[in-house]
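Examination of the molecular architecture
Here's the letter readout for the chains.
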Amino acid sequence: MSSPLVLVVDDSLTARMKLKELLEGEGTRVVQAKTAKEATGAAIMHRPNVVILDVVLPDGNGIDLCRSWRTNPVLKDMLVLLISGERSGHDDRIAGLRAGALGYATKPFSGQELLAQVGVLIRLNDTHSELRAAKEAADSAHTAKSELLEQVSHELMERKRAEAEAQRLRVLLKNIIDSMPSTLVAVDAEGRVTHWNRHAENDLELAPEDAAGQAFEKAFPTMQSHVDQLRLAMRDRQTQSLEKVESYTDNKKRFSDVMVYPLLGNGLEGAVVRVDDVTERVRLEEMMIQSEKMMSVGGLAAGMAHEINNPLAGIMQNIQVVLDRVSTDMPVNARAAHDLGVSMEGISAYLEERQVTSMLESVRQSGQRAAKIVENMLSFSRKSDAQVSSHDLSKLLDQTVELAGSDYDLKKKQDFKKIEIVREYEPSLPAVPCEGTKIQQVILNLLKNGAQAMAEIDDAQEQPRFVLRTRRDGDMARIEVEDNGPGMVEDIRKRIFEPFFTTKDAGTGTGLGLSVSYYIITEDHGGTMQVKSAPGRGARFVIQLPFEATCYSAALGRDT
């Protein structure tokens, strides 16, 4: 058995050394501390049998330190002998004992008396050790009793295992329901929420514990107008379904399919509501419908162009004949005038004086412009049957600009002819294998959007302008359509090619134009399409098309 350990706490080195020499002479081990802080640390570290503690310390009072130890779970059982100077009074002795000290000695003190008090405290500590041993024995007896109780409670444990298995099955069922990509909400007969899966929590940002007990329409406000179907399903015990239910999230329209299943059997009352987001499906369906409409409109435009072309050809032909008949350069006109007693010079002078000739020439030029518009419309709407052919990109761009100049919708806000067109074409750019009408469709859409954007600038400091560029970019041909419009913020730029995303007012745009254009370039032609823009700095759309026809064939998934 090791010798007892005493902690000596005194700010005086002389006093500590004297006590150390005295105690070690009796075979007692000694550790020292000179402040209250050091004393606490040493007591926790060494767990001495006895602490000899000076009342006056540099950083505190020994009596207060003793009192604080009694509230410390680690030091509350520490045996303390207080020592003080000769000026210490009777009240200090009482205060020290009340603070928890088990002895009190006043300097100067007898060494034998101090050793006797320390011995008593060491024996008291031994007694405490014996008590602890007895407690451990009692604990051991308690353990034996627990083992007996464990044997007696075997049946209870079996029941707990069964309950745990049931809980495991409940957790498994919950995980299955939470893993479903649908919003699932269970309600009781009163329409109060009893279950709320993870998809519902994420979609509605409401925790299951917060949703539980709430009325269905309160927890699920977007379904508030469809509570009647919920009640009807529970009343008639028949499934109710709703398709393409509209709702708005962050000012964005969403569509959902809703199924209400009544709970049947085993006396259950209530229903399960399943909500599936079908927004993308609805958008694809609308895109297909829009595509069919565009095909019908294209066919109608082609038919109208053919019908306009016939009378227009007659007008152009007759205007040219009239101009030929009043020309002074033709001898046949001079002979006919002479036979009628007039001169062609007089007739020509009259026509010039009355500006008839210039009017006829204006009619001819207008007819030529109309014929060019019809030609472009026919070229744009003509079916190509996906047969690739080589096209001069600069000619395609110029034809599209002419087509854009005659577009009616553009004239609603801005005359396209007043927009400056800057052409930066690479003269030596080879022809590119592509579907010309589809590329025209993409460029026309970019011109229309850019013109509308530039028209929205009320206090424009410069003339609206498009810059059209073509150049070689490695093994790709590069087309750039740049405007000096208002530009766009980063959030809009990132989403500009998303289907149905539009910044225009309701009824003005469908949000399909750029997504269809992106599809034509990337999917139909195996190219790339991107936009570079910033607020107040216009927008620049960059299109890249492969020079090799094999790339185009791969994009179509067939031979050309």
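Above this text is the structure in question.
A brief report on the enclosed structure follows. (Residues numbered from 1 in each chain as written. Predicted model: local features only at pLDDT ≥ 70, side-chain atom pairs only at ≥ 80, totals over all residues. Heavy atoms only, no water.)

One open sheet holds the five strands; their spatial order is β14-β16-β17-β19-β18, and the pairing between them is mixed. At either end of the open sheet lies a strand with only one pairing partner, and these are β14 (420-425) and β18 (528-533). Neighbour-to-neighbour, the strand axes of the sheet open up by a mean angle of 15°, direction not taken into account. Strands in contact with helix α15 (residues 393-405) are β14, β16 (465-473), β17 (476-483) and β19 (539-546); relative to β14, the strand with the most contacts, it is inclined by about 170°. Where helix α17 (residues 436-455) meets the sheet, it contacts β16, β17, β18 and β19, and its direction lies at approximately 145° from that of β16. (Pairing = 2+ DSSP bridges. Helix = DSSP H or I, 4+ residues; strand = E, 2+ residues; numbered from the N terminus. Axes fitted to C-alpha atoms, helices over the stretch in contact; angles between N-to-C directions. Contact = heavy atoms within 4.5 Å.)

Looking now at the environment of A431. On the secondary structure map, A431 appears in the loop between β14 and β15 (432-434). Taking relative accessible area as the criterion, A431 reaches 41% and is therefore assigned partly exposed. In the structure, A431 is positioned 39 residues away from D392 in sequence and 4.8 Å away in space, judged by C-alpha atoms. Leaving out residues up to four positions away in the same chain, A431 has contacts with S390, H391 and F547. (Buried < 20%, exposed > 50% of the residue type's maximum accessible area, 1.4 Å probe, protein only.)

Following the criterion strictly, the structure yields 19 salt bridges and no others. The shortest N-O distance in the salt bridge between R67 and D64 comes to 2.9 Å. Here R67 and its partner D64 are both found in helix α3 (residues 62-69), three residues apart, which amounts to about one turn of the helix. For R67, a relative accessible area of 41% puts it in the partly exposed group. Judged by its relative accessible area of 45%, D64 falls in the partly exposed class. We note a salt bridge from R364 to E361, for which the minimum N-O separation is 2.2 Å. With R364 and E361 both in helix α14 (residues 356-381), this residue pair falls three residues apart, about one helical turn. (Salt bridge = Lys/Arg side-chain N within 4 Å of Asp/Glu carboxyl O.)

Now for the side chain of T35. Within the element layout of this structure, T35 appears in the loop between β2 (29-33) and α2 (36-46). When its relative accessible area of 15% is taken as the criterion, T35 is described as buried. At 3.1 Å, the side chain of T35 forms a polar contact with the backbone nitrogen of E38. If we ignore the near neighbours within four places in the chain, the residues touching T35 are V9, L57, P58 and D59. (Polar contact = N/O pair within 3.5 Å; in protein donor to acceptor, adjacent residues only side chain to side chain.)

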